[in-house]
Amino acid sequence: MYALVDGNNFYVSCERVFRPSLMGRPVVVLSNNDGCAIARSNEAKALGIRMGTPWFEVRDKLAPGSVVALSANFGLYGDMSNRMMSLAAGLGPEQEIYSIDESFIGVAGVRDVTARAFQVRERILQWIGIPCGIGIAPTKTLAKLANHIAKTADRSPGTYAPDLGRVCNLAALPASDLDTVLAATAVDKVWGIGPRLSQQLNGAGIVNTLQLAQMDPAVARRGWSVTVERTVRELQGTSCAALEEVAPRKKEIASTRSFGRPVTSLDDLLEAVTEFASRAAVKLRSQDSHAGQVLTFVHTSPFRRQDKQYSRSIVVPLRRPTADTSLIVRAAVMGMRDIFRQGYNMSKAGVMLLDLQDASIEQHELDLGVAQENRTKLMAAMDTINDKHGRGTVAVASAGTAGPRRRWVMKQQWKTPDYTTSWEQLPLARA
DNA sequence: TCTGGGGTCCTAGGACCC
DNA sequence: TCTGGGGTCCTAGGACCC
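Residues numbered from 1 in each chain as written. Chains lettered and ligands numbered in written order. Predicted model: local features only at pLDDT ≥ 70, side-chain atom pairs only at ≥ 80, totals over all residues. Heavy atoms only, no water.

Visitor: Describe the packing of aromatic side chains, with residues and values.
Guide: For the structure on display, the rule yields 10 aromatic pairs. Ring plane angle 5° and centroid distance 4.3 Å describe the contact between F18 and Y419, whose orientation is recorded as stacked. One end of the pair, F18, is in helix α1 (residues 10-18); the other, Y419, is in the segment after α14 (369-389), and 401 residues separate them in sequence. When its relative accessible area of 25% is taken as the criterion, F18 is described as partly exposed. Counting every residue linked through ring pairs, the aromatic cluster contains F10, Y11, F74 and Y77. We note R123 situated over the ring of W127; from NZ or CZ to the ring centre the distance is 5.6 Å. (Phe/Tyr/Trp six-rings, centres within 6.5 Å; stacked < 30°, edge-to-face > 60°. Helix = DSSP H or I, 4+ residues; strand = E, 2+ residues; numbered from the N terminus. Buried < 20%, exposed > 50% of the residue type's maximum accessible area, 1.4 Å probe, protein only. Lys NZ or Arg CZ within 6 Å of the ring centre and 35° of its normal.)

Next comes the structure, spelled out in structure tokens:
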């Protein structure tokens, strides 16, 4: 039995904790470069603002001041997430942190699980200030669905019975009621069924979740794929996805950014790529891995139809797997020099580390043993310093030496303070 | 004028091998 | 005239998730 605890409109809810005046108002949180809406308050959703809508479209359509827009403050959201997760863990003996605002809890054997879920929800709201929905069911897919029902019953009354709001335990529902609920849920609300699949399913006459749940798994496999087959089985109550208490190591690590404005020069791109590679290397070391290959890419903006388009990537193999920032930066810079072309408005670039393996599997080379050990110590020292004094205190100087311009940095016009992670930015309480 | 970032899994197809 | 079958590995791209 699984529970899914999910923070409602999570980023917006985090901002509201420190600015209660935002309560009850349409609020959106924007992606990097203040580009798209990536979180919306219920009031913003009611205005018809869709996930991923470019901010300039929203702004042009609505009266000035009718929506509050904020730049994403991921430092704040990450910290709030940690606090929420530690309280959610109180619902059962096992926890999988699935995303920044969701965690699955293994609740097998938990007594009065529905009542307990209400208590945990109340505690998170009171202690952290984040409203949650909780879904409970025999499989992860059904728990996700239950969570969707819990949120929807709260937000837009009419689709589901009001007593399914906030906490929805599908396992406690009589079979006939469960069928009614599934029949009232469109198939695209199911975890793993995206726009493309739901279109195909609709074409085959499968419109609601009850119909999908009643599909023969063999038909699902033949007509679509194993993933759809698993989804069907999970809807039928057969668990196909287990709880992952310890997050498996990542198989690839990326650091990519869109630029605040078009970038045309190789120097700027080398500078950007140096930073991307450095960031990726920090993530790599933090999970104790080495990378065997470095992929570098750059491309123009597909939205600027009037511009000449360009897009290329290159994989540079490392001589041996490593987590050394300078070696990784060198490979990324080499890659960028290779794929760069003059005369384009580049809009985005990035570095991805591939072919990751456990750092304990080391390939030593003749005569390099000592040097290698020192490099590892140097990297550890660099990480410690940057951890303590802030990212970028110590960095690898590479081609294109970071000047004061940094033309490629992103835009963040409306960022709120780091309320919970910076002494300088602690909120002030006044009497 | 202005359009995110970071992942995973699966499949198809090509290269290569015996 | 008629030109195999089976396997692996790699890459690109699609689809999905938050």
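Visitor: Give me the lowdown on the layout of surface pockets, citing residues and values where you can.
Guide: For the second largest pocket, the calculated volume is near 1,200 Å³. Lining the second largest pocket are 39 residues, with D6, N9, K45, K151 and R155 sitting closest to its centre. Counting only elements with at least two residues in the lining of the second largest pocket, the list comes to β1 (2-7), α1, β3 (37-40), α2 (42-46), α6 (140-155) and α8 (195-203). The dominant element in the lining of the second largest pocket, judged by the number of residues it contributes, is α6, at 7 residues. Classifying every residue of the lining of the second largest pocket gives 13 nonpolar, 12 polar and 14 charged. (1 Å grid on protein atoms, 1.4 Å probe; cavity = no way out; pocket = protein on both sides within 12 Å on 5 of 7 lines; lining within 4 Å. Points joined across faces, edges and corners; volume = space filled by probe spheres on them. Nonpolar A, V, L, I, M, F, W, Y, C, P; charged D, E, K, R; others polar.)

Visitor: Describe the side chain of E229, with residues and values.
Guide: Relative to the helices and strands, E229 is located in helix α11 (residues 226-235). The contact partners of E229, leaving out residues within four places of it in the chain, are P217, A220 and R221. (Contact = heavy atoms within 4.5 Å.)

Visitor: Account for the protein's contact with DNA strand B, naming residues and giving values.
Guide: Near DNA strand B, the surroundings consist of 22 residues, among which R230, A254, T256, S258 and R304 are the closest. The contact atoms of DNA strand B, taken as those within 4 Å of the protein, divide so that sugar and phosphate hold 71%. Here a phosphate oxygen of DNA strand B sits 2.5 Å away from a polar atom, N or O, in the side chain of R230. Between DNA strand B and R257, the relevant distance is 3.2 Å, taken from a sugar or linking oxygen to a side-chain nitrogen or oxygen of the residue. Where the surface near DNA strand B is concerned, the elements lending two or more residues are α3 (55-61), α11 and β9 (253-263). Here the surface near DNA strand B gets 6 residues from one element, more than from any other, and that element is β9. Its residues assigned to classes, the surface near DNA strand B comprises 7 nonpolar, 6 polar and 9 charged. (Near = heavy atom within 4 Å. Polar contact = N/O pair within 3.5 Å; in protein donor to acceptor, adjacent residues only side chain to side chain.)

Visitor: Describe in detail the pattern of salt bridges, supporting the description with residues and values.
Guide: Side chains carrying opposite charge are able to pair once their charged atoms draw close together. If you walk through the whole model with that rule in mind, you get 15 salt bridges. A salt bridge links D358 to R249, with the shortest nitrogen-to-oxygen separation between them at 3.0 Å. Residue D358 is found in strand β13 (residues 357-358), and its partner R249 is found in the loop between α11 and β9; the two are separated by 109 residues along the sequence. Put simply, R304 and D307 hold a salt bridge, and the shortest N to O gap is 2.7 Å. With a relative accessible area of 15%, D307 lands in the buried category. What emerges from the salt-bridge pattern is a single network uniting R221, E229 and R233. (Salt bridge = Lys/Arg side-chain N within 4 Å of Asp/Glu carboxyl O.)

Visitor: Outline the packing of helix α12 (residues 266-286) against helix α13 (residues 325-339), listing residues and values.
Guide: It is at 8 Å that the axes of α12 and α13 come closest, and there the two elements cross at 145°. The chirality of how α12 crosses α13 is right-handed. Residues L266, L269, L270, V273, T274, A277, S278, A281, L284 and R285 of α12 lie in contact with α13, whose contacting residues are T325, I328, V329, A332, V333, M336 and R337. Here the residues of the contact of α12 with α13 are counted per class, giving 12 nonpolar, 3 polar and 2 charged. (Axes fitted to C-alpha atoms, helices over the stretch in contact; angles between N-to-C directions. Left-handed = near helix turned anticlockwise from the far one by under 90°.)

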